[in-house]
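# Breakdown of the fold
Listed below are the residues making up each chain.
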Amino acid sequence: MSSTAGVKPTKGFLMDMKRRIGFIERGTEFLKLKRDQLAKELTTSLDVLRGRRKLLMDILQEAYAAVTAAYLSLGPQEVQSQTRSIKSSLELEVLPRAVMGVRYPFVKIGEKPEITAELDITLSVASDRVYEILDDIIRLAEFESRVERIADELGKTNRKVNALENIIIPEYKQIIKFIEDKLDEESLEELVRMKLIGGAKASRRN
Amino acid sequence: MVLRTHARIADLLTREQMQTLADTRDVDDFLTKLEDTPYGSVTLDDESRPDIAMERVFYRKFIERIEKIVELTPKKIGEFLMGYYQMRFEVVNLKRILRGKFSDASEDEIRLSLIPISAYQVASYEDLVKADSLESVVEMLRGTPYAKVSEQMPLYEEHDALWPLELMLNYLNASAILEAVKKLPTRDRRIVRKLVELETDIENVLIAIKQRGNKGKTLNVEELFPATYGISVPHLNDIIEAENIRPVIQGLGTPYAEILGPIYEGDVALIRTYLRLAKYDHATASRSADEYGFNVIMAYLVYSEIEKDNLVGLAWGRAQGLTPRELLKYVVIPRG
């Protein structure tokens, strides 16, 4: 269906359309600015993320190897049983934070598990390794989530800008042109009619 | 009897079969390949945790093997073997019940964590599982060979930790086994004594190594090591205190220095693999020295237990998608 279907070709509507398109164009400019900022933020964040991940990955592999060794040394059932003797658990609070209107989770560490002396040495070594990087894992997860949300928002903003630039604004322009053409046509018709009426009146007077 | 045991040794998984199981793609493939071994087709009672279900299967199989061997052996040896393994497993079960009670785990969780054996020295595991607190469990152990666990309650309360109770259970187990060994003919005692002492000594060293991280805390080493054999309390104290552990470990001599070798790389789990290997080698050497006696039976059970531990590890590794290389590092591959 044409975008001009149902359009009232009136001066009032034209003015309203012009006001709207002005508003949309300004909004698009803002969205473009936001898109550029998000892209810049994403590029920087991705570099940071890559660096942090690489750093953590080596330590994480060591920790995972220690956990694997503990499981292979004791068996899964014994590991489960021993880990039960850790009384306190990890308590986290997830709070919202925002950057350029993008909300992302911020993790506040409440209580960390207290590893007491009763674990087998293999499990104790594994838990020490994991414990050392627990903060880093949480911060990295938080940062990854932030980057993901920024990337999502960038995608959304980009789609909005594209839709505005390629669909909405051209449609509005088309409607404005249609109304202007219609109004021109009408005023021309009006002019011709006036001239004809004027001509008829003049000939009647003569 | 000995000939039948030799035949059973031949039925244990070979190096190739163990390698094939390690090379499997996933749990299903592992179970398919397991069908081609004497284990045959196994049914898992919990599909959501195949690793734990398989662990139960391998424990049951190992217990079946012990029972079959006991049927073949003379009464005294049979009683010793049943006692040796039943008490070991019972001690594991008691620790798991205590841990469950300590952490307020549900009765079902505790029940599922137990090794599938019938109660040996206690009246029933079910009663212990249903006890309303850890203190009640310890109270229920009065009148059993584990009564001394209650003596550790002040330490447990002081530290709010289970290790005093667990150490006492280890000590009672080792003492009971060494006491039971005395009932065996003199020539048969050596292999059991050596196995028990080796295991206790290495576990003591592992506890001592762990205490190195707790410097500054006042420790009573006598409490930490209620039973010592080849590695004395002063040696264990040296391990805790020494700046450089290498000369202390090397000073322990063979086989301890070799078994504890991985500590220099920080791989404590590999120490247990080396311990299994040392037990395997000791059983093999004892079996070679006397091919027609108790040593053959004991060797078969040592091999079977190592096979059970290997299969538990491989099954877990398959469920986790680990590579054969990661797995085989901690597996004692049968020699030959």
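Residues numbered from 1 in each chain as written. Chains lettered and ligands numbered in written order. Predicted model: local features only at pLDDT ≥ 70, side-chain atom pairs only at ≥ 80, totals over all residues. Heavy atoms only, no water.

### As for the overall build of chain A
Test applied: Only runs of H or I of at least four residues qualify as helices and only runs of E of at least two qualify as strands under DSSP, and these elements are numbered from the N terminus. Based on C-alpha atoms, the radius of gyration is set beside the globule rule, defined as 2.2 Å times the residue count to the power 0.38. Any residue under 20% of the maximum accessible area for its type is buried, any over 50% is exposed, and the rest in between are partly exposed; the area is computed with a 1.4 Å probe on protein chains only. Contact criterion: two residues are considered in contact whenever any of their non-hydrogen atoms come within 4.5 Å of each other. The charge count treats Lys and Arg as positive and Asp and Glu as negative. His and the chain ends do not count. Charge coordinates come from a single atom per side chain, which is NZ of Lys, CZ of Arg, CG of Asp or CD of Glu.
The helix and strand inventory of chain A stands at three helices and two strands. Taken from the N to the C terminus, the helices and strands of chain A come in the order α-α-β-β-α. Radius of gyration (C-alpha) of chain A: 34 Å, far over the 17 Å computed for a compact globule of 206 residues. For chain A, the C-alpha atoms occupy an extent of roughly 120 × 30 × 30 Å along the three principal directions. Burial analysis of chain A (206 residues in total) assigns 34% to the buried set. The contacts of chain A with a sequence gap of at least 6 include a subset with a gap of at least 24, amounting to 78%. One way to put it: in chain A the 35 positive side-chain charges average out to a point 13 Å from where the 33 negative ones average out.

### What to know about helix 4 (residues 50-72) of chain B
Keep this limit in mind: Take the residue count of a helix, subtract one, and multiply by 1.5 Å to get its expected span.
For helix 4 of chain B, which comprises 23 residues, the first-to-last C-alpha distance of 33 Å matches the rise-based estimate of 33 Å (1.5 Å per residue) to within 8%. Of all 23 residues in helix 4 of chain B, 17 are buried, a share of seventy percent or more.

### Examining the nonpolar core
The line we're drawing: The definition of a nonpolar core used throughout is a set of buried Ala, Val, Leu, Ile, Met, Phe, Trp, Tyr and Cys residues joined through side-chain atoms within 4.5 Å.
The biggest cluster of nonpolar side chains holds 67 residues, and the ones touching the most others in it are B:L81, B:Y146 and B:V192. At 13 residues, the largest contribution of residues to this core is made by helix 5 (residues 75-102) of chain B. When residues no more than four places from it in sequence are discounted, the contact partners of B:Y146 are B:M87, B:E90, B:V91, B:L94, B:Q121, B:V122, B:L141, B:L169 and B:L172. With 36 residues, the next largest nonpolar core counts A:V79, B:L21, B:L31 and B:V331 among its residues.

### Concerning the pairing of strand 2 (residues 102-111) of chain A
Residue and element names in this part refer to chain A. Our working rule: DSSP bridges decide pairing: two strands pair if at least two such bridges lie between them.
Here nine bridges tie strand 1 (residues 91-99) to strand 2, and the two strands are oriented antiparallel to one another. Bridging across to strand 2, L95 finds its partner in F106. The loop that links strand 1 with its antiparallel partner strand 2 comprises two residues; one of these, M100, has a positive phi angle of about 50 degrees.

### Looking at the packing of aromatic side chains
What counts, and what does not: Two rings belonging to Phe, Tyr or Trp (six-membered ring only in the last case) form a pair when the distance between their centres is within 6.5 Å. Interplanar angles under 30 degrees mark stacking, angles over 60 mark edge-to-face geometry, and anything in between is tilted. Our definition puts a charge over a ring when NZ of Lys or CZ of Arg is within 6 Å of the ring centre and also within 35 degrees of the ring normal.
One pass over the structure, following the stated rule, counts eleven aromatic pairs over all chains. Judged by centre distance (5.7 Å) and plane angle (90 degrees), the ring pair of B:Y39 and B:F58 falls under edge-to-face. Placement of the pair is B:Y39 in the loop between helix 3 (27-35) and helix 4 and B:F58 in helix 4, with a sequence separation of 19 residues. With relative accessibility at 10%, the residue B:Y39 sits in the buried group. Of the residues examined, B:F58 reaches a relative accessible area of 2% and is grouped as buried. An aromatic cluster is defined as three or more aromatic residues linked by ring pairs; in this entry it consists of B:Y59, B:F62, B:F80, B:Y84, B:Y85 and B:F89. One cation-aromatic arrangement involves A:R146 over A:Y104; the distance from NZ or CZ to the ring centre is 5.4 Å.

### Digging into the confidence of the model for chain B
We apply this condition: Per-residue confidence from the prediction method is given by pLDDT, with values spanning 0 to 100.
The share of residues in chain B with pLDDT of 70 or more is 96%, and the mean pLDDT across the chain is 86. Scored as a complex, the prediction yields pTM 0.77 and ipTM 0.86.

### What to know about the packing of helix 4 of chain B against helix 5 of chain B
Residue and element names in this part refer to chain B. The cut-off we apply is this: In this description, a line fitted to the C-alpha atoms serves as the axis of each element, helices being fitted only across the stretch in contact, and the angle between N-to-C directions of two axes falls anywhere from 0 to 180 degrees. For classification, angles of less than 35 degrees are called roughly parallel, those exceeding 145 degrees roughly antiparallel, those between 65 and 115 degrees roughly perpendicular, and all remaining angles oblique. Take the far helix as the reference: if the near one is turned anticlockwise from it by less than a right angle, the crossing is left-handed, and if turned clockwise, right-handed. Ten residue types, Ala, Val, Leu, Ile, Met, Phe, Trp, Tyr, Cys and Pro, are classed as nonpolar, four, Asp, Glu, Lys and Arg, as charged, and the remainder, Gly among them, as polar.
Where helix 4 contacts helix 5, the axes come no closer than 9 Å and their chain directions differ by 160 degrees. Judged by the inter-axis angle, helix 4 sits roughly antiparallel to helix 5. Handedness of the crossing formed by helix 4 with helix 5: left-handed. Contacts between helix 4 and helix 5 involve Y59, F62, I63, I66, E67, I69 and V70 from the former and G78, L81, M82, Y85 and F89 from the latter. Its residues assigned to classes, the contact of helix 4 with helix 5 comprises ten nonpolar, one polar and one charged.

### Focus: the interface of chain A and chain B
We apply this condition: Throughout, buried area stands for the accessible area (probe radius 1.4 Å) lost by two parts on being put together, summed over both. Take a side-chain nitrogen of Lys or Arg and a carboxyl oxygen of Asp or Glu: if they are within 4 Å of each other, that pair is a salt bridge. Any pair of nitrogen or oxygen atoms within 3.5 Å is treated as a polar contact; in protein, a donor-acceptor pairing is required on top of that, and neighbouring residues in sequence qualify only through side-chain atoms on both sides.
With 25 residues of chain A in contact, the opposing surface of chain B contributes 35 residues. In total, chain A and chain B occlude about 2800 Å² of area from one another, counting both sides; carbon and sulfur atoms represent 58% of this. Contact with chain B buries area across many residues of chain A, yet A:L72, A:Q77 and A:R84 alone supply 27% of it, more than any other trio. Applying the counting criterion to the chain A and chain B interface returns three salt bridges. Where chain A meets chain B, there are eight residue pairs in polar contact (both at pLDDT 80 or more). Going through the elements one at a time, helix 1 (11-74), helix 2 (76-83) and helix 3 (121-205) of chain A are the ones with two or more residues in the side of chain A that touches chain B. It is helix 1 of chain A that provides the largest number of residues to the side of chain A that touches chain B, a total of seven residues. For the side of chain A that touches chain B, the class distribution of residues is ten nonpolar, ten polar and five charged.

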